[in-house]
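Read off the chains here:
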Amino acid sequence: MTQHPAPDRFRDYVMGSLTGAEADTFEAHVMACSACLEVLQDEARVEEQLHSVAMAPPRRRSRRIAIALAALVACLGGWYLALPRPEPTRRSVERLPLAPLPVCLRAPSRCEDAERHGLHTPGTPIPRYEDAAPARLSLAPKPSKEKP
Amino acid sequence: MSVTRLATSAGFVGVATTPDSAWNARITKHHRRVVVSLLALGLDLEQAQELAQETWILLIEREREGRLERIKLPGLALRQARYLALEARRRRREVLPGEMPETPDPAAGVDDVVAGRRDVARARGVLATASPRAREVFSLVYGPRNASHREAAAEVGLSLQRARQMLCELRAQLRQELKR
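Small disclaimer: the values here were computed from a predicted structure and weren't measured. (Residues numbered from 1 in each chain as written. Chains lettered and ligands numbered in written order. Predicted model: local features only at pLDDT ≥ 70, side-chain atom pairs only at ≥ 80, totals over all residues. Heavy atoms only, no water.)

Peer 1: Is there a simple way to explain the overall build of chain B in this structure?
Peer 2: A tally of regular secondary structure across chain B gives 10 helices and 0 strands. Expressed as a percentage of the 180 residues in chain B, the buried residues total 45%. Considering only contacts within chain B whose residues lie at least 6 apart along the sequence, 57% involve residues at least 24 apart. When the accessible area of chain B is evaluated, it comes to approximately 9,900 Å², of which 50% is carbon and sulfur surface. (Helix = DSSP H or I, 4+ residues; strand = E, 2+ residues; numbered from the N terminus. Buried < 20%, exposed > 50% of the residue type's maximum accessible area, 1.4 Å probe, protein only. Contact = heavy atoms within 4.5 Å. Areas by Shrake-Rupley, 256 points an atom, 1.4 Å probe, with all protein chains shown as cover.)

Structure below.
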């Protein structure tokens, strides 16, 4: 058997750096030497791994950006929710226009629907419409009742 | 390795009478890669060379018969060679039932050969520390281009010697990292 090839020869063989004659000599030895075959197989595995490293798809940067954006949105949302808010005031409710009171325009004594309109409950005096909402019935100023 | 030599060794007359320069160039460029991939699966050198030759003959035959629409090398040859290796192992099992053949299982070796995600990440870390030219040479030689050292050197603007030196240095670092 010929002398074992130098360690670099195994690398050069798998990388295709040997000349034709050098490769033939190398192959002739490896075919007869199981120890060198193992070294060559090991070198071949490294070579294949390097190919798979170079062929591997590039890292997904877009995914990282999406995760960072989602985290940012979550932080902003939390900050917004944690902001102090003014208590709802009652002023707005108080300023709502009042609904006109139901008023019976007929003379109360004649009003048959006084009870139905909620203007009269049994046992209480019937309110007079002038007393209920005098201002609403007439926008004209009341004549002053000055005694002559 | 030429088409004529392949055809003569396999008794494939059709190719021997009509040597195809395109196939010659393809085989010259990718034959070593096919042999190395079979070696990586645990086959011995003789078996690897035989299967690589068989692979080329099959591909040439299929192409002549019009059964190959696209020839994307070396991927097509690598897949074909791997398939032939599995078939050879299956045949041996049928011939010698109960006896474990000397050849290891090529399918079992695939996981060892292909670098895992962690390996890839570690190797990328090493590549990141290399010079841009070294990285370029590496990706030209080992990447999808599968360029020869000469082609890569010419493309990057380096001498062949310098390109090989860079590649060997980077390869040694990557080897160390992948062997951890």
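Peer 1: Could you clarify how one ought to interpret the confidence of the model for chain A in this entry?
Peer 2: A low pLDDT score tells you not to read the predicted coordinates there in detail. Per-residue pLDDT for chain A averages 75, and the proportion of residues at 70 or more is 55%. Mean pLDDT across the elements of chain A ranges from a minimum in helix α7 (residues 134-137) of chain A, with 50, to a maximum in helix α2 (residues 20-32) of chain A, with 93. (pLDDT = per-residue confidence, 0-100.)

Peer 1: When you look at unusual backbone geometry in this model, what are you seeing that I'm missing?
Peer 2: Comment: phi is negative for the bulk of residues other than glycine, and the bulk of peptide bonds are trans. All names here are of chain B. For the peptide bond that leads from leucine 73 to proline 74, omega is 5 degrees, which places it in the cis range. Tracing the backbone shows proline 74 in the loop between α4 (45-64) and α5 (75-95). A positive phi is found at asparagine 146, a non-glycine position, where the angle reads about 50 degrees. You can see asparagine 146 is positioned in the loop between α8 (132-142) and α9 (149-156). For asparagine 146, a relative accessible area of 10% corresponds to the buried category.

Peer 1: I keep staring at the pattern of salt bridges and nothing clicks. Help me out?
Peer 2: A side chain of one charge can pair with a side chain of the opposite charge if their charged atoms are brought near each other. The full count for this structure, using the stated rule, is 13 salt bridges over all chains. Taking the shortest distance from any N to any O, the salt bridge between A:Asp42 and B:Arg175 comes out at 3.4 Å. Residue A:Asp42 is located in helix α3 (residues 34-55), and its partner B:Arg175 is located in helix α10 (residues 160-178); the two belong to separate chains. Taking the relative accessible area as the measure of exposure, A:Asp42 reaches 23% and is therefore partly exposed. B:Arg145 is the partner of B:Glu155 in a salt bridge, and the nearest nitrogen-oxygen pair spans 2.8 Å. Within this pair, whereas B:Glu155 is found in helix α9, its partner B:Arg145 is found in the loop between α8 and α9, the two being separated by 10 residues in sequence. Three or more residues are tied together by salt bridges with common partners; here these are A:Asp42, A:Glu43, A:Glu47, B:Arg171 and B:Arg175. (Salt bridge = Lys/Arg side-chain N within 4 Å of Asp/Glu carboxyl O.)

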